[in-house]
Structures are given as C-alpha cells and as structure tokens.
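Working through the structure, step by step
The chain contents come next:
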Amino acid sequence: MILTVLRFIQGVGVGGEWGGSVLMSMEWARSDRTRGFIASWPQFGVPCGLFLANLAVLAFSQMSGEQFLSWGWRIPFALSLVLVGVGLYIRLGILETPVFTKLLAERKVERAPMLAVIKQYPKEIVLSALARMGEQAPFYIFTAFVFSYGTETLHVSRNFLLTAVLSASVLSFISIPLFGYLSDRIGRKNMYMIGAAVTGVFGFIYFAMLNTGSERMIFLAVILSLIPHDMQYGPQAALIAESFTGRLRYSGASLGYQLASVIAGGPAPLIATWLYATFHSAFAIAVYIAVCALITLAATALMTDYTGRDISGEYTSR
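The present account deals with the structure reproduced in this document. Quick caveat: nothing in here was measured; it's all calculated off a predicted structure.

A look at the overall build of the chain
In terms of regular secondary structure, the chain is built from 16 helices and zero strands. The globule rule puts the C-alpha radius of gyration for 318 residues at 20 Å, and the 20 Å found for the chain is close to it. A principal-axis box enclosing the C-alpha atoms of the chain has dimensions of 60 × 40 × 35 Å. For the chain, with 318 residues in total, the buried portion stands at 46%. Taking as baseline every contact in the chain between residues at least 6 positions apart, the subset at least 24 positions apart corresponds to 82%. As displayed, the chain has an accessible area near 15,800 Å², and 70% of this comes from carbon and sulfur atoms. Here the chain contributes 22 positively and 17 negatively charged side chains, and the mean placements of these two sets differ by 5 Å.

A short note on the pattern of salt bridges
Overall, the coordinates contain six salt bridges when judged by the stated rule. As a salt-bridge pair, Arg-188 and Asp-184 come within 2.8 Å of each other at their nearest N and O atoms. For Arg-188, a relative accessible area of 0% translates into the label buried. Between Glu-242 and Arg-188 there is a salt bridge whose closest N-O contact spans 2.8 Å. Of this pair, Glu-242 sits in the loop between helix H13 (215-241) and helix H14 (249-265) while Arg-188 is found in helix H12 (residues 188-210), placing the two residues 54 residues apart along the sequence.

Conventions used here
- Residues numbered from 1 in each chain as written.
- Predicted model: local features only at pLDDT ≥ 70, side-chain atom pairs only at ≥ 80, totals over all residues.
- Heavy atoms only, no water.
- Helix = DSSP H or I, 4+ residues; strand = E, 2+ residues; numbered from the N terminus.
- Rg over C-alpha atoms; globule rule 2.2 N^0.38 Å.
- Buried < 20%, exposed > 50% of the residue type's maximum accessible area, 1.4 Å probe, protein only.
- Contact = heavy atoms within 4.5 Å.
- Areas by Shrake-Rupley, 256 points an atom, 1.4 Å probe, with all protein chains shown as cover.
- Lys, Arg positive; Asp, Glu negative; His and termini not counted.
- Charge placed at Lys NZ, Arg CZ, Asp CG, Glu CD.
- Salt bridge = Lys/Arg side-chain N within 4 Å of Asp/Glu carboxyl O.

Okay, here's the thing in structure tokens:
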C-alpha cells in the first residue's frame, strides 16, 4: 500500500517534472533548428533511470540471493534518496527561460493555465496523448511485461532479462539524442511517424525472436526493442511542446504527455497479460502493439509540425 501511494506521489511529481525539464532545455536552444536535439536530452532521463534501476536491482539480486523478495529489493529504494538530493540541488540553480522571462515582462502569464489550456487547446492535448500510444504502450511491454513473459513462459532467469534490459538502456543513450537530431533535419512529424511504423512491424519480429527460446535471440530482441521506441521518444518532447503557445506550453505539454500514461503506459502490461491468457499466443500482443502504432500514426498526422519555426510568440491559428 505504501509503495502504491508513493508511486502515485511520484506520478504527480513527474507530471510537472517532464514539462518543466523539456521547456527549460528547448526554450534555451540557441537556434530554432536544434530544438529536436536539445529537447531530446530530458528524454535521456528514461534510459538513465532504466539503467540505474536495473543495475541496482541486478546488483542486490546477486547480493541477497533468495532473500531478494524479503529485503534485497528495499535497498535500491533507499539509495534513491541520493538522486532526490541531486535533483533538488539542480532545481535551485536553474534560471527561467527567455520565453518565460518575456511573458513575465509583458504580463502575459496565465493565472489558471490548466483551465485555459483545456479550454483553448483540447485538440492538441488529446492528439499529444494519442501520439504517445505507439511509444508508451510498447515501452512497458518491452521493459516490464518481458520479465513475466520471460520467466514464466520462456523460462529464462530474471537476472538474464535484467542484463538484457540494462544493455538496451545503454544503447538508448545514443539513439534518443540521435533521433532527436534527425527530427531537426527531416521534420519532427516525419521522424515520429517513421518510428511509429517501425514499432508496429517490430512487435511481430520481437515476439518471434523471443519465442525461439534461444538466449542469444532473446537477448538481441530485448536490445533491439528500444530502438523503434527511441525513434519516437527522441523527437517526442519537441513535437508535443511545440504544439502549444508559450504561455500555456508547460501545462499543455504536461497534460498531453501524462494523459498517455493513463491510457497507454499503465494498462499496457495488464492488457498484454490478459491477451496472452485469453489467446495463449504472443501474436495477440503483437497485434495490440500494431494497433497502438496505427493510432499514433493517425494522431501524429493531424498534429502541426513546427520544426524550424519560431515558437516564442503567440500562435494565431491551430
């Protein structure tokens, strides 16, 4: 119960953290032509967190052995207090962005930005959330559901899967900023839609590789799984944040981004488990991933592409 409450509180924190970190980086970009690359660095926190979390669990799983479920899992939670201190230190020293400073000077700051953005940008909020379906749902299948599927169906060890996910997260250190950079070159929507299409196809390849039962193929499937995800996650921050005008960007981007966690990310492992229990085949899960990718393609196609355009002023049309 305590873990559930803490997870809820963490979710509230992330609701503000992500939007703030993306805007801080993106609005400090020196050029409109580098926003995709700059805004991809806050996304870098996901593979970093995935790497540190899995490394900690792997290390204490080895140390505690059979006692892992009784006390070994608790130590990584305690060690996370160090990250709280680091985060607080960084926040206390950050200056406001030029865009927000200009809004303050012109007295254009919204008193109730959450209500204003829901009223003025409902389409952009919904499209932002739906655009994450093909990224968020597969991510939790590739990094969470794989543990239950791997240990119970494929009969490989938890530590083996932890090592595989750990390796995949290291690859994301490169791929996330790379695809953010490419979005500045070929367009935010183009890069994102390519990633969604690749994800829709890869779901079938992924489970085919897992079901070979070969540890080499399973390891390779897990490592490759985050590349289609990163093709979307790299340009995603800029794509979503650019959809909202400056005075409502923080609230709008945060709402759209976090709404996807409710409709896509959180339920994904549960849906995958239900699909496998119902159809007794991973093919059904691959179809689910493909459907999420199709929703993403449709939603992204309806979004406005602001790649290379000035986003410091007020948007006159949406």
